[in-house]
Each structure stands twice: as structure tokens, then as C-alpha cells.
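Architecture and fold: a report
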Amino acid sequence: MTVARKMPMTKNSAELNYNDRGLELPVLEGSEGELGLDINKLRQDTGLVTLDHGFMNTAACTSAITFLDGERGILRYRGYPIEELAEKSSFMEVAYLLIYGELPTAAQMKSFTQAINAQSQTKPELQSMIQAFPRDAHPMGVLGSVLSAMSAYYPEYLDQDLSAEKASQVMTQLMAQVKNFAAFTYRTGRKEPLVQAQSSRYDYCTDFLQMMHGQEPDPEVVKALNVLLILHADHEQNCSTSTVRLVGSSKANIYAAIAAGVGALWGPLHGGANQAVIEMLQEIQADGGGYKKFIQKAKDKNDSFRLMGFGHRVYKNFDPRARIIKQSCDAVLAKLKIKDPLLDIAKGLEEEALKDPYFVERKLYPNVDFYSGIIYKALNIPTNMFTVMFALGRLPGWLAQWKEMAESKDTKIGRPRQIYTGAVERSYKPLSSR
Ligand code: SDX
């Protein structure tokens, strides 16, 4: 079932005057009042393209899944505020909400969970593939590889245009398998035997944790993981989600699209930041804990050091997820009776940065990655697994966005233009004359 979408309305128009010609460009308004200039006919009418490094001013699509307001620090999944979902919902329920557009009824939740559980065993060949990687392979490289390899074992999901039923099957299959791949990769990295899924016995997060650590987890740990996965579940057109959409727009199969999303998320400017934050905090701790020096380094244009976990392309106010994670840091560490000096360093760093004009003027606040690693550490998840945890959380968002892209009549293969700045035409010169 897909939710009826309110297509953007043409609110008014903007006049572009170029080469003594006037061109009227429609101004579209979204359901939250966001305005966008519709330039779909710009090149055919004027010969002009727009140049927008990093797509900072460009909407690549319309979407009804997630709404962000960067100035007001608002994040809603299908209209529900992230604060309410983090407090009252579960990761499975949020996954259903993102993919199908509505909170599930009890019957819908049951069949969604059953569909995931029915596909919770991983083919021995894929388990062996994970175990064949070197012990110190980065888990994101393993995850992307085995996701792509699924295309070799499930040809029934490689059709260009999957039916709604097949799409649901492959999405629930991926929900089940990525959980397994993450846990298997972790166990392989520690040269420990794989622990198989027991999804008929445990809920999603409990099952993942027992597959990771080989024992039933503390209910507090399960609760904390549920919240973290909900907070990471979607974030509109971020780098990795845009990658999933772009790959899907060529009608490549879903495994290729999700594997590509894993690749994009791996970068330290994106999902890889959660690992980089902990490594940064550990560097500060090893250096004696004085963070003022690191604040100066972050401001120094000649120093490549950045305050990892700070700043955001969209949020120019607090990332609402960071606020929730910071609050649960204290609660989780207290419940698990853990004292982590890195939390005090992180809080001190935040306090110092938010007093510094450099960060205030650039509206640089903590983002989702700044505190999340502190909790992952408390849940006994190693640093090199943090970005895989981000991918596990983001999976339902990628799937929902892929489905919306595949179903949209507006979808065309993504193919940006460019402004060429290379050599103008010239003739070939034989080697003897060069
Ligand atoms: C995620 O898009 C999403 O929604 C992503 C995400 C999601 O849920 O999918 O929210 C997840 O990726 C969060 C971001 C994680 N990355 C980091 O924490 C890495 C550190 N942050 C930065 O690299 C940066 O803030 C970005 C990449 C997050 C955003 O970069 P932008 O929007 O391209 O901004 P920019 O690099 O042009 O910075 C603007 C200014 C620059 O200074 P000036 O040239 O104006 O003097 O702010 C400075 C930058 O030097 N700046 C920083 C900084 N971030 C920006 N300076 C020091 N430390 C930082 N962290």
C-alpha cells in the first residue's frame, strides 16, 4: 500500500531574463511550504544548465518519506516527529512506516515480521564468503561485497521492474540478511564461530545482539539499540540515499543499489564519521584530554583536522538526533554502570565549540555521529563496526527511498550535466613531433 502523495503545487513563478528573452519558471510548493524552482525545461528553452557543487541548492526529486527543517532542527518520518518515534515506537515499526507510509496495524506488523523471519537464514555460500575475508577487513567493505554477491544467488529479484509482491519480498529479505551479515562480519573479525539467527525466538534487535555476542543481551542494551536504529533509519536525500536512488534509476537491481549506498555511507564525511569521532576523542584523550588545542586545529585552514561529528549540510541548528542520543548516553551508561571518559571529553568539546565564534558563525552543531559511538562502545560494539551499525539503521530508509524512486512516474535515469573546462578542439600529433 503506498500513501497518497500530495504532489507539489505550482505556487507562482519566477521570471528569468536571459539574452533579451524572458522565461517563466514555475515555483513549486511542497506540503511543508518548501519552495523550489522547477527548471525541468531550462536547457531546452535557454540552452543553459545550472552549476551546483554538491547539489547544495538542488532538489533531485519530490519525496513523501522524510521531512527535515535544518533551521528549526525538525526531523519527521512520514509526518511523525523523530522524538515521538524514538520514545514510543520500535525499529521494526519504523521500518514498516518508512517503507509503506503508515504505522502498521497489529496484523500488518505480524505479517511484516513473519516475512523478515521467514528469510532469516543466510545461504552457507554467503556465510563462507564473509568468513573468507581477512580478519582485519573493514566491515563496510565486507557488507558491500556480500550485498552485491546476493545478485548471484537470488536471480528472481534482478528483474528491472519488480512486482509489488516481489519488491516486498526482497526488501524483507534484505532487512533479515543485513542484520546477519553485520553480525557474521563481526564474529569473523574476531575469529569466533558464527551464531545463527533465532528470529522465531527473539525480536530483531535482540536477535542481532545474540548473534553478535553469542548470548542473550541485557534488555537495556536492546532498548538503546532500538532507539539508535530508529534515529538512523532515514534522512531524506543524503549522500548514500541519493546514491541508492541514482543507481536504481538506471534499473540496476536492488542489491547493486543498496551495495552502492553502503559504499557512499562508508566515507568519513558521511556515515564513517561515527568511527572518526571516537578515534578523534581517543586521540584527544591520549594527548592529555586538552580539547582547546583540537578546537584550534579544527579552525586552522592549513590543518586537515576537522571536528568530526560536527556540522551538517542541512541542520544549521541542533541535529534533533544528536540531542536524543546525548540524553540517552547518560541514561544508558548509568544503567550499564559504565563510566566512559570519552563522554566527558565529548561534552567538553561541544561546550567549547558552541562558545567559539568560528563554530557559531558557521552554525556548526553536533550531528547524529557525535555521540552515537559512545553508546555503541557501551553496547560492546567495536569502533570499526560503527558505520555498519549506521547502515543497519539506514537500511529501511534506503529501501523506502528505492521503492518511491521505482514507483514514481517522474523517475528518469539520473544523468547530471557539466560545464566543460578542458582543451578545445585540437589535432593529433605523431610521437615524433611532440
Ligand atoms: C551524516 O546529509 C545527511 O543527512 C547526512 C547524515 C544522514 O543522516 O544521512 O546526517 C549523516 O553524514 C552527518 C555528517 C557526518 N560528517 C561529519 O561529522 C564530518 C565533519 N563534518 C564536516 O565535514 C561537514 O560539516 C559536513 C560534511 C557534514 C557538511 O559539509 P558542507 O555542508 O559541505 O559544509 P562545508 O564543508 O562547506 O563547511 C562550511 C564551513 C567551512 O568553513 P569556511 O570555508 O566557510 O571557512 O564550515 C567549516 C568548513 O571548513 N566546517 C567545519 C566542520 N564542518 C564544516 N570546520 C571544522 N570542523 C567541522 N566539522
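Please refer to the structure higher up on the page.
So, here's what we can say about the structure. Only a predicted model underlies this, so the values are computations on that prediction, with no experimental measurement involved. (Residues numbered from 1 in each chain as written. Predicted model: local features only at pLDDT ≥ 70, side-chain atom pairs only at ≥ 80, totals over all residues. Heavy atoms only, no water.)

1. As for the overall build of the chain
Definition in use: Strands are runs of DSSP state E lasting at least 2 residues, helices are runs of H or I lasting at least 4, and numbering of each runs from the N terminus. The quantity called the radius of gyration is restricted to C-alpha atoms. Its globule counterpart is 2.2 Å times the number of residues to the power 0.38. By the convention used here, residues are in contact when the closest approach between their heavy atoms is within 4.5 Å. Counting rule applied: Lys, Arg positive; Asp, Glu negative; His and chain ends not counted. Throughout, a charge is located at the NZ atom of Lys, the CZ atom of Arg, the CG atom of Asp or the CD atom of Glu.
When helices and strands are tallied, the chain shows 18 helices and 6 strands. Taking 2.2 N^0.38 as the reference for a compact globule, 434 residues should give roughly 22 Å; the C-alpha atoms of the chain span a radius of gyration of 23 Å, in line with that estimate. Oriented by its inertia axes, the alpha-carbon framework of the chain measures out at about 70 × 65 × 55 Å. Taking all contacts inside the chain whose residues are at least 6 apart in sequence as the whole, residues at least 24 apart take part in 69%. If you average the places of the 50 positive and of the 49 negative side-chain charges in the chain, the two averages end up 3 Å apart.

2. Re the pairing of strand β4 (residues 66-69)
Going by this rule: For each residue, the accessible area found with a 1.4 Å probe, counting protein chains only, is set against the maximum for its type, and the residue is called buried under 20%, exposed over 50%, and partly exposed in between. We treat two strands as partners when DSSP finds at least two bridges between them.
Alternating residues of β4 divide into T66 and L68 and F67 and D69, and every residue in both groups is buried. Pairing analysis gives 4 bridges linking β4 to strand β5 (residues 74-77), with the strands arranged antiparallel. Counterpart to L68 in the pairing with β5 is L75. Here β4 folds back onto β5 in antiparallel fashion, the turn holding 4 residues, of which G73 has a positive phi close to 65°.

3. What about the site of the ligand?
Definition in use: Only a single heavy atom is needed: when it lies within 4 Å of a molecule or strand, its residue is near that molecule or strand. As used in this structure description, the phrase polar contact means that two N or O atoms lie within 3.5 Å; if the pair is within protein, one of them must be able to donate a hydrogen and the other to accept it, and residues adjacent in sequence are counted only when both atoms belong to side chains. Only the protein chains shown count as covering a residue, and every accessible area follows the Shrake-Rupley method with a 1.4 Å probe. When residues are sorted by character, Ala, Val, Leu, Ile, Met, Phe, Trp, Tyr, Cys and Pro go into the nonpolar class, Asp, Glu, Lys and Arg into the charged class, and all the rest, Gly among them, into the polar class.
H235, H312, R313, R321 and R394 are the nearest of the 24 residues found near the ligand. Within the backbone of F310, one N or O atom sits 2.9 Å away from a nitrogen atom of the ligand. With respect to the ligand, the side chain of R362 contributes an N or O atom lying 3.1 Å from an oxygen atom. A total of 1100 Å² of accessible area belongs to the ligand in isolation, and the protein chains cover 78% of it. Taken together, the residues of the shell around the ligand sort by class into 10 nonpolar, 7 polar and 7 charged.

4. Notes on the nonpolar core
Soluble globular proteins tend to pack their nonpolar side chains together in the buried interior. This is how the line gets drawn: The nonpolar core is taken to be a set of buried Ala, Val, Leu, Ile, Met, Phe, Trp, Tyr and Cys residues, with the residues joined through side-chain atoms within 4.5 Å.
Grouped together as the largest cluster of nonpolar side chains are 122 residues, with contacts concentrated most on Y77, L147, L174, L281, L307 and L379. The contacts of L307, once residues within four sequence positions are left out, are M280, I295, A298, L349, A353 and F359.

5. Describing the sheet that holds strand β2 (residues 21-29)
For sheets, the rule is that strands pair by backbone hydrogen bonds, running either parallel or antiparallel. Just so we agree on the cut-off: To get an axis, a line is fitted to the C-alpha atoms, and for a helix only the part in contact is used. The angle between two axes follows their N-to-C directions and goes from 0 to 180 degrees.
Spatially, 3 strands are ordered β1-β2-β3 in an open sheet, and the strand pairing comes out antiparallel. In the strand order of this sheet, the two ends are held by β1 (9-18) and β3 (35-37), each with one partner. Taking each pair of neighbouring strands and ignoring which way they run, the sheet shows an average axis angle of 30°. Looking at chain direction, β1 and β2 are connected through 9 bridges and run antiparallel. Residue pairing across strands places E15 opposite E24, the latter belonging to β2.

6. Quick look at the sheet that holds β4
As summarised here, the arrangement of the 3 strands in space is β4-β5-β6, forming an open sheet in which the pairing is antiparallel. A single partner strand is all that each edge strand has here, and the edge strands are β4 and β6 (80-81).

7. Quick word on helix α5 (residues 124-132)
Given 3.6 residues per helical turn, the α-helix brings residues three or four places apart onto the same face. The test is simple: For this quantity, the arc is that covered by the directions from the helix axis to the C-beta atoms.
Of all the positions in α5, only L126, Q127 and I130 are classed as buried. Taken around the axis of α5, the buried residues stretch over an arc of 105°, which confines them to a single face. Away from its buried face, by an angle of more than 90 degrees, α5 presents the exposed residues P124 and A132. Structurally, α5 contributes buried residues whose contacts are with α6 (139-153) and α7 (164-189).

8. So, the layout of surface pockets
Stated formally: Of the two site types, the cavity is a set of points on a 1 Å grid over the protein atoms alone where a 1.4 Å probe fits but cannot get out, and the pocket is an open set with protein on both sides within 12 Å along at least five of seven lines, each lined by residues with an atom within 4 Å of a point. Grid points are joined across faces, edges and corners, and a volume is the space filled by probe spheres set on the points.
Of the volumes computed, that of the second largest pocket is approximately 360 Å³. Taken together, 22 residues line the second largest pocket, and the ones lying closest to its centre are L162, W402, K403, A406 and E407. Residue assignment for the lining of the second largest pocket shows that the elements contributing at least two residues are α7, α10 (239-249) and α18 (386-407). With 5 residues, α18 is the largest single contributor of residues to the lining of the second largest pocket.

9. As for the environment of E84
For E84, the position within the fold is in helix α2 (residues 82-88). For the pair E84 and I324, spaced 240 residues apart in sequence, the C-alpha separation works out to 11 Å.

10. A word on α7
Applied cut-off: In this scheme, a helix's expected span is set at 1.5 Å multiplied by one less than its residue total.
Between the first and last C-alpha of α7 there are 37 Å, a value that for 26 residues agrees with the 38 Å anticipated at 1.5 Å per step. A large share of α7 lies buried, amounting to 20 of its 26 residues. Looking at the residues trailing α7, positive phi occurs at K191, about 55°.

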